[in-house]
Amino acid sequence: MLHTSPRPWPPTNQPPLFLLSVYFCNGKPRPHDLLRPICEQVTALRNKTNVHIRAVLADAEAHSLVKETVAHSACYGCPKCIMKGIWCPPFKEVSFTNGDTPPVNHSKYQSPLRTHAEFMAGDYNGTHRVAEVTHMFPLQDLNINMIDDVLVGDDRHLLHLGAVITFFETFTDGGYNVTKMDKDNFDIVKLILCKMNFPHERDHGELDKNIPMWPPHTWAYIIDVAGFVALKASLNEADFEIYCCLHWGIAICKRTCNERYLSYARRLLKRFVKTWGERTGCVPYCIHSLLHLVDEVRAKGPLPVNSTDQAEGKLASTTT
């Protein structure tokens, strides 16, 4: 996607947050142009002190950019597993399902995980956008795992701007194979969400009635609390149960003290993806990626630690 006006691409670290560099261009930068200077600086720092790269956070678009892979909407777009999605003409998008012949020991909605060694060896046909993989990624100079250390579980993009909005729009406005919510129930949803009182640290003043246009931090409060109340009052029992799997699976992944319940969170999110697929007939990227959330939380910490909310909130004032 090219941009008609220059757009900054600022690599940052987090937390605490400070700006490392800004790459200014008219379109997408090449991975080497964007990341090479930072990788060289980090390598120089490592020669002087102890520097550890815990994780790389990026939205889906930037994720494919820095790894030189196909877009997340492509058939082989999942960066975590070898699922080959199926193009769904009625919905004009890829559904991440295995069809009628899933891999051995895997369900219709799951596939074997990718590995760093196979990725760097170029073993994943249909995933890499270039023929030669070796020495292709600036990030590999930092000795990071290109599968495990580049995360999909950023709550801002995967959840607040992804799965949560997708669920809301599908079950209120109608989408996929779901019928549009009737006016009376939708009025209940709007009344509850638009009139809710936020805690003082999350107060956003008066909210626009165009709910899908709300900012990510508002959707964070919806998935935490308000959505549970609003959808309980407006969805049928079966559809509300689908939402509950998403709500409680995410809730467990948000706090360190819930670590012992992560296996239960995995079962909840697997059930959510499965019932979503059966109910709607399509599993988009943001829904499929929930299957990989618990593995990342177990390895890298709870969702708030792996969020770009702080970074993108600061950068909004830096780049305007």
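Placed above this text is the structure.
Now for a quick tour of the structure. (Residues numbered from 1 in each chain as written. Predicted model: local features only at pLDDT ≥ 70, side-chain atom pairs only at ≥ 80, totals over all residues. Heavy atoms only, no water.)

### Remarks on the packing of aromatic side chains
Keep this limit in mind: Any two rings among Phe, Tyr and Trp, with Trp reduced to its six-membered ring, count as a pair given centres within 6.5 Å; such a pair is stacked if its planes are under 30 degrees apart, edge-to-face if over 60, and tilted if neither. Only DSSP runs of H or I reaching four residues or more are called helices, and only runs of E reaching two or more are called strands; each is numbered from the N terminus. Whether a charge sits over a ring depends on NZ of Lys or CZ of Arg being within 6 Å of the ring centre and within 35 degrees of the ring normal.
Throughout the structure, instances matching the rule amount to 12 aromatic pairs. Between Phe167 and Tyr243 the ring centres are 5.2 Å apart and the planes differ by 55°, which places this aromatic pair in the tilted class. Of the two residues, Phe167 sits in helix H4 (residues 155-172) while Tyr243 sits in helix H7 (residues 237-253), which places them 76 residues apart along the sequence. Here the aromatic residues Phe91, Phe167, Phe171, Tyr176, Phe228, Phe240, Tyr243, Trp248, Phe272 and Trp276 are joined through ring pairs into a cluster of three or more. For the cation-ring pair, Lys67 lies above Phe119, with the distance from its terminal atom to the ring centre recorded as 4.9 Å. In this arrangement the basic side chain of Arg114 is found over the ring face of Tyr124, its NZ or CZ atom lying 4.8 Å from the centre.

### Considerations on the pattern of salt bridges
Basically, it comes down to this: Any carboxyl oxygen of Asp or Glu within 4 Å of a side-chain nitrogen of Lys or Arg constitutes a salt bridge here. Between buried and exposed lies partly exposed: a residue is buried under 20% and exposed over 50% of the maximum accessible area for its type, with that area taken using a 1.4 Å probe on protein chains only.
Overall, the coordinates contain 7 salt bridges when judged by the stated rule. A salt bridge links Asp187 to Lys183; the shortest N-O distance between them is 2.8 Å. With Asp187 and Lys183 both in helix H5 (residues 183-194), this residue pair falls 4 residues apart, about one helical turn. We classify Asp187 as partly exposed; its relative accessible area is 30%. Residue Lys183 is classed as exposed on the basis of its relative accessible area of 61%.

### Points about the packing of helix H8 (residues 262-280) against helix H10 (residues 293-300)
Let me state the cut-off plainly: Simply put, an axis is a line fit to the C-alpha atoms, just over the touching stretch for a helix, and the angle between two N-to-C directions goes from 0 to 180 degrees. Oblique is the label for any angle not covered by the other classes, which are roughly parallel (under 35 degrees), roughly antiparallel (over 145) and roughly perpendicular (65 to 115). Rotating anticlockwise by less than a right angle from the far helix to the near helix defines a left-handed crossing, while the corresponding clockwise rotation defines a right-handed one. In this description, contact between two residues means that some pair of their heavy atoms is separated by no more than 4.5 Å.
At a closest axis distance of 9 Å, the pairing of H8 and H10 adopts a crossing angle of 160°. With respect to H10, the element H8 is oriented roughly antiparallel. Two packed elements cross with a definite hand, and for H8 against H10 that hand is right-handed. In this structure, H8 contributes Leu262, Ser263, Ala265, Arg266 and Leu269 to the contact, and H10 contributes Leu293, Val294, Asp295, Val297 and Arg298.

### Digging into the packing of helix H6 (residues 216-232) against H7
For the record, the criterion: Gly is placed with the polar residues, together with every amino acid not listed as nonpolar (Ala, Val, Leu, Ile, Met, Phe, Trp, Tyr, Cys and Pro) or charged (Asp, Glu, Lys and Arg).
H7 packs onto H6 with a crossing angle of 165° between their chain directions and a minimal axis gap of 10 Å. On the basis of the axis angle, H6 is roughly antiparallel to H7. The chirality of how H6 crosses H7 is left-handed. Every residue of H7 that contacts H6 at Ile222, Ile223, Asp224, Gly227, Phe228, Leu231 and Lys232 is listed here: Phe240, Tyr243, Cys244, Leu246, His247, Trp248 and Ile250. When grouped by side-chain class, the residues that make up the contact of H6 with H7 number 10 nonpolar, 2 polar and 2 charged.

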